[in-house]
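Per-entry structural report
As a plain string of letters, each chain reads:
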Amino acid sequence: MRRPFSALAVGLLTLASVGLAAQSTAQDLIQQARMQLSANDLDSADVLLGAALTSATQPVESVTVYTWRAILEFKRGDDSATRVAIHQAYQLNHSFQVSGLAQISPRLSEMFDEEYHGVSAGDPIVLPSFLDEYPRRLSGPTVVYPPDLLRRQVRGRALLRFIVDAAGHVEEHSIDFVTVPDSGFIIPLRTMIIGSTFSPGRVRGRTVRAMTELAIDLTPGVTQSAASLVTSARAKIAARQTDSALALLARALDPATRPTEGEIVYAHLVEGIAWMAVGRDTMARATWDSALAGYQQLTARGVELAPFLKRL
């Protein structure tokens, strides 16, 4: 069991590297966030830390924000998010030190030590306010709407923060989901960002590792028919992109797409082919049994099926 966080224990934590002469807006917000953490108002602290990171003008302020965010996520019990925040802090400054962690939790102190040894002290990360040219997304996949969110017509704006290296690639462990309309978007957004190529950030013409943000407006758009989704899945199978094919087939079979009985048979037949392609013979046979049962019911009722479906 994790020991409870007392206000005193949180107040004891200080960043040894913080020593700015004047109190900045970011520092004010950090101080307010610390007070909310002491009061165990985690949602308010989260909002304040997000605002502090946005208003940070010096790397030391961003390091401080990420350190407190790590503590916040640890209090929430999210070890993965805790490690991401610690990793981002050490990426910005590999030599900073934190005192008082063990008084909060020995486990938290261990996590800081583990991430410290796991982060390479390579090229420094440049914050947006110091860039002459910001990274721009050049290419990559679109966000695939999960069937449940498509059915509920969930929409909104997501804000992601991450590091783009000097070659224009996103550093996967740096991805931070600042805001998302629904947690169901996290995996599709991560897939989209990791598969994207960016123009690198530049300072005086030189490419650098850069911290950047990307806002994405998420809208359901026009729903494809089940038949067109299954046809697209067949193309994905031919291209050996089976995971993408299965995702398309799941959308085709989702009630929100309103597939006809014939389209359901079509989807199950192709789904069986997809399972066979990845060596899941048992799944393939079960799926084909469902498809053939539906096929027989339709033909018994005298429903005329499309010739391509009969051939398949």
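Look up: the structure comes first, before these words.
This write-up is about the structure you can find in this document.

Thresholds, definitions, all that
Residues numbered from 1 in each chain as written. Predicted model: local features only at pLDDT ≥ 70, side-chain atom pairs only at ≥ 80, totals over all residues. Heavy atoms only, no water. Salt bridge = Lys/Arg side-chain N within 4 Å of Asp/Glu carboxyl O. Helix = DSSP H or I, 4+ residues; strand = E, 2+ residues; numbered from the N terminus. Buried < 20%, exposed > 50% of the residue type's maximum accessible area, 1.4 Å probe, protein only. Phe/Tyr/Trp six-rings, centres within 6.5 Å; stacked < 30°, edge-to-face > 60°. Expected span 1.5 Å × (residues − 1). Arc of directions from axis to C-beta. Contact = heavy atoms within 4.5 Å. Polar contact = N/O pair within 3.5 Å; in protein donor to acceptor, adjacent residues only side chain to side chain.

Considerations on the pattern of salt bridges
- One pass over the full model with this rule turns up 17 salt bridges.
- Here Asp43 and Arg76 are joined by a salt bridge, their closest N and O atoms 3.5 Å apart. Here Asp43 is found in helix α3 (residues 42-55), whereas its partner Arg76 is found in helix α4 (residues 59-76), with 33 residues between them in sequence.
- Note on Asp43: relative accessible area 56%, which makes it exposed.
- By relative accessible area, which is 34% here, Arg76 ends up partly exposed.

Section: the packing of aromatic side chains
- Going through the model one piece at a time under the given rule, you end up with four aromatic pairs.
- Centroid distance Tyr90 to Tyr116: 5.4 Å. Interplanar angle 65°. Geometry classified as edge-to-face. One end of the pair, Tyr90, is in helix α5 (residues 79-92); the other, Tyr116, is in helix α7 (residues 106-118), and 26 residues separate them in sequence.
- Owing to a relative accessible area of 32%, Tyr116 belongs among the partly exposed residues under this scheme.
- Pairwise contacts between aromatic rings join Tyr90, Phe112 and Tyr116 into one cluster.

Overview of α7
- Relative to the 18 Å expected for 13 residues at 1.5 Å per residue, α7 spans 18 Å between its end C-alpha atoms, a close match to the ideal helical length.
- Taken together, the buried positions of α7 are occupied by Leu108, Ser109, Met111, Phe112 and Glu115. Taken end-on, α7 shows its buried residues confined to a sector of 155°, consistent with a single buried face. Facing away from the buried surface of α7 by more than 90 degrees, the exposed residues are His117 and Gly118.
- Looking at the buried positions of α7, the neighbouring elements they touch are α4, α5, β2 (98-99) and α6 (101-104).
- Two to three positions downstream of the cap, the backbone nitrogen of Arg107 sits 3.2 Å from a side-chain oxygen, assigning the N-cap of α7 to Ser105.

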